[in-house]
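Here is what each chain is made of, one letter per residue.
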Amino acid sequence: MKNQNDDQKMMEDARNVQNYITTQYNDLSNQCGATPVKMALLNLLGDEHRIQHEVFSEIHRRGWKKVENANADEIQKVCQWVESQGGIEGPVRQN
C-alpha cells in the first residue's frame, strides 16, 4: 500500500532527476560547436525545464516544498543586476 511518504519520495526523486537532466543538456549545449545540434539541445533543455517546473509545482501544491516570495528590494536588486549585464530580450513576467 502506498502512502504519502512514498509519493513525496517519488516526486523528490523525479525533481532530482530533472535537475540532473537539465544540467547535462545545459553543459552539452554550452560545449557544442555545431549550430543545428546546439539548437536541438537547447530545445530539449527547454522541454526538460518545463517538466522540471511541473514536478516542482506539484511538490509545492502538495505542501512538500514551501516557497517564500521575494521582497520588493530583492526583486529590484535582481532587476538592476540583470540590466547591468545587458538586460534580457522580451518582457519579464512576475508570477
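About the criteria used
- Residues numbered from 1 in each chain as written.
- Predicted model: local features only at pLDDT ≥ 70, side-chain atom pairs only at ≥ 80, totals over all residues.
- Heavy atoms only, no water.
- Helix = DSSP H or I, 4+ residues; strand = E, 2+ residues; numbered from the N terminus.
- Rg over C-alpha atoms; globule rule 2.2 N^0.38 Å.
- Buried < 20%, exposed > 50% of the residue type's maximum accessible area, 1.4 Å probe, protein only.
- Contact = heavy atoms within 4.5 Å.
- Lys, Arg positive; Asp, Glu negative; His and termini not counted.
- Charge placed at Lys NZ, Arg CZ, Asp CG, Glu CD.
- Axes fitted to C-alpha atoms, helices over the stretch in contact; angles between N-to-C directions.
- Parallel < 35°, antiparallel > 145°, perpendicular 65-115°, else oblique.
- Left-handed = near helix turned anticlockwise from the far one by under 90°.
- Nonpolar A, V, L, I, M, F, W, Y, C, P; charged D, E, K, R; others polar.
- Salt bridge = Lys/Arg side-chain N within 4 Å of Asp/Glu carboxyl O.
- Expected span 1.5 Å × (residues − 1).

A.B. asks: Whenever I open this one, the overall build of the protein confuses me. Can you help?
C.D. replies: Looking only at helices and strands, the protein features three helices and zero strands. Put simply, the protein runs from its N terminus to its C terminus through helices and strands in the order α-α-α. Its C-alpha atoms give the protein a radius of gyration of 17 Å, more than 25% over the compact-globule value 12 Å for 95 residues. For the protein, the spread of C-alpha atoms along the principal axes amounts to about 50 × 40 × 15 Å. Across the 95 residues that make up the protein, the buried fraction comes to 15%. When contacts within the protein are restricted to residue pairs at least 6 apart in sequence, long-range pairs at least 24 apart make up 51% of them. When the 11 positive and 14 negative side-chain charges of the protein are each reduced to one mean point, those points stand 3 Å apart.

A.B. asks: Is there a simple way to think about the packing of helix α1 (residues 4-30) against helix α2 (residues 35-61) in this case?
C.D. replies: Contact geometry of α1 with α2 gives a least axis separation of 9 Å together with a crossing angle of 160 degrees. Judged by the inter-axis angle, α1 sits roughly antiparallel to α2. Remark: the crossing between α1 and α2 carries left-handed chirality. Considered class by class, the residues forming the contact of α1 with α2 number 13 nonpolar, eight polar and five charged.

A.B. asks: Teacher, can you tell me more about the environment of Ile21 here?
C.D. replies: Among the structural elements, Ile21 can be located in helix α1. For Ile21, a relative accessible area of 24% corresponds to the partly exposed category. Placed 27 residues apart in sequence, Ile21 and Glu48 show a C-alpha to C-alpha distance of 7.3 Å.

A.B. asks: How do you make sense of the pattern of salt bridges when you look at a structure like this?
C.D. replies: As a working rule, side chains carrying opposite charge can pair if their charged atoms are close by. Taken as a whole, this structure holds four salt bridges when the rule is applied. Of the charged contacts in the structure, one is a salt bridge between Lys9 and Asp13, with a shortest N-O distance of 2.9 Å. Of this pair, Lys9 and Asp13 both sit in helix α1, separated by four residues, roughly a single helical turn. Taking relative accessible area as the criterion, Asp13 reaches 34% and is therefore assigned partly exposed. Here Glu58 and Arg62 are joined by a salt bridge, their closest N and O atoms 2.6 Å apart.

A.B. asks: What exactly am I supposed to notice about α1 here?
C.D. replies: Spacing of three or four residues puts side chains on the same side of an α-helix, whose turn is 3.6 residues. Helix length check: α1, at 27 residues, gives a terminal C-alpha distance of 39 Å against a target of 39 Å (1.5 Å per residue), a fit within 8%. Looking at α1, one finds that the buried residues are Asp7, Gln8, Met11, Gln18, Thr22 and Ser29. Residues of α1 that are buried make contact with α2.

Read these as spatial facts, not as claims about activity.
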